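Fold and geometry: a report
Spelled out from the first residue to the last, the chains are:
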Amino acid sequence: MALHGFPDDSRIYNRLTPHLAPHRVVSLDFRGFGHSERPEKETLEPGQREAELDAVLDALELDRVTLVGHDASGAVAVNYALAHSERVAGLVLLNCYYGDAPALRLPEMIRLLGDPNFTPLADALVSDPKMRGWLLAHTRRRFGYALDDPEGVAAASIVPQWFGEDGRPDALVAIRAWTATLYPEMAIQDQHIANGELKELAVPVTLAFGEDDAYLNPELARHIQGLFANADLHLIKDASHWPQWDQPQLTAQLIRESGN
């Protein structure tokens, strides 16, 4: 089961999935993103993303799965494993975060959207298509991705969330709702860490981080590795924030080998 963060959708796994054959891969669009329905307004409660994941597993009658979490969904995957370890065969974490850490460098755009002190400014910027485009371009540049690549991950998965596509509305409501939970959720994650819950998790954990990501970076990956009693860490060369897009074959290999 492959999970996405913000502000993208399940298509961040399009290049990865063929390399995982013949294994079954389910890429989930959380509510409000990708091909899912668009709520008119939304406020996320703690644990809502984990509940969505649980509902999908039940609907598909999947008893035990490997969870692949990327970006904000890395925390969702970890939290789900803490609550339902019997349903998780393994965790694979791709360029994500969990709790606060000295090495954590959240993108400026995400910090702006997540900080309640800047909500009026963030809403004004996001409501203006030109400023929205500037924020997106700035973040792509900082991640090291070409701004005009029609075959890139941004064109495939990110731009549609910001501007809509083929008659489907944008995902701004969902983006604003999820980013608004950023700091409260990180505080909850810090408490799980302080309670020693991650150290006690009896689920195989693999971290696979694109080493060129200046935000969710190799130093952060090493920090997250240390939160678990026994986790494997792999730094992927020539990959930035989306290793499943930049190096799909190698990322697929690490997923297949996870837990072995």
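This text goes with the structure placed above it.
Computed from a predicted model, the values in this text were never measured in an experiment.

1. Thoughts on the environment of Asp212
Structurally, Asp212 is set in the loop between strand 4 (205-210) and helix 9 (218-227). The spatial distance from the C-alpha of Asp212 to the C-alpha of Lys237 is 7.4 Å, given a sequence separation of 25 residues. Excluding its chain neighbours within four sequence positions, the residues that come into contact with Asp212 are Asp238, Ala239 and Ser240.

2. Here we look at the nonpolar core
Note on soluble globular proteins: their nonpolar side chains tend to be buried together. Counting residues in hydrophobic clusters, the biggest one holds 83 residues, and the most contacted among them are Met1, Leu67, Leu91, Leu93, Tyr97, Trp162 and Phe228. The leading source of residues in this core is helix 2 (residues 72-83), at 7 residues.

3. Some remarks on the packing of aromatic side chains
For the coordinates displayed, the defined rule picks out 6 aromatic pairs. Measuring from centroid to centroid gives 5.8 Å for Phe33 and Trp178, while their planes differ by 70 degrees, and the two rings are edge-to-face. One end of the pair, Phe33, is in the loop between strand 1 (2-3) and helix 1 (48-59); the other, Trp178, is in helix 7 (residues 172-179), with 145 residues separating them in the sequence. The same class applies to Phe33 and to Trp178, which are both buried. Taken together, a centroid distance of 5.1 Å and an interplanar angle of 75 degrees make the contact between Phe143 and Tyr215 edge-to-face. Of this pair, Phe143 sits in helix 5 (residues 129-143) while Tyr215 sits in the loop between strand 4 and helix 9, placing them 72 residues apart in sequence. Three or more aromatic residues link up through ring pairs in this structure, and these residues are Phe6, Phe30, Phe33 and Trp178.

4. A few points about the packing of helix 4 (residues 119-127) against helix 5
The N-to-C vectors of helix 4 and helix 5 enclose an angle of 100 degrees; their axes lie 5 Å apart at closest approach. Judged by the inter-axis angle, helix 4 sits roughly perpendicular to helix 5. Contacts between helix 4 and helix 5 involve Leu125, Val126 and Ser127 from the first element and Pro129, Met131, Arg132 and Leu135 from the second. Grouping the amino acids of the contact of helix 4 with helix 5 by side-chain chemistry returns 5 nonpolar, 1 polar and 1 charged.

Reading the values: rules and limits
Residues numbered from 1 in each chain as written. Predicted model: local features only at pLDDT ≥ 70, side-chain atom pairs only at ≥ 80, totals over all residues. Heavy atoms only, no water. Helix = DSSP H or I, 4+ residues; strand = E, 2+ residues; numbered from the N terminus. Contact = heavy atoms within 4.5 Å. Core = buried A, V, L, I, M, F, W, Y, C linked by side-chain atoms within 4.5 Å. Buried < 20%, exposed > 50% of the residue type's maximum accessible area, 1.4 Å probe, protein only. Phe/Tyr/Trp six-rings, centres within 6.5 Å; stacked < 30°, edge-to-face > 60°. Axes fitted to C-alpha atoms, helices over the stretch in contact; angles between N-to-C directions. Parallel < 35°, antiparallel > 145°, perpendicular 65-115°, else oblique. Nonpolar A, V, L, I, M, F, W, Y, C, P; charged D, E, K, R; others polar.

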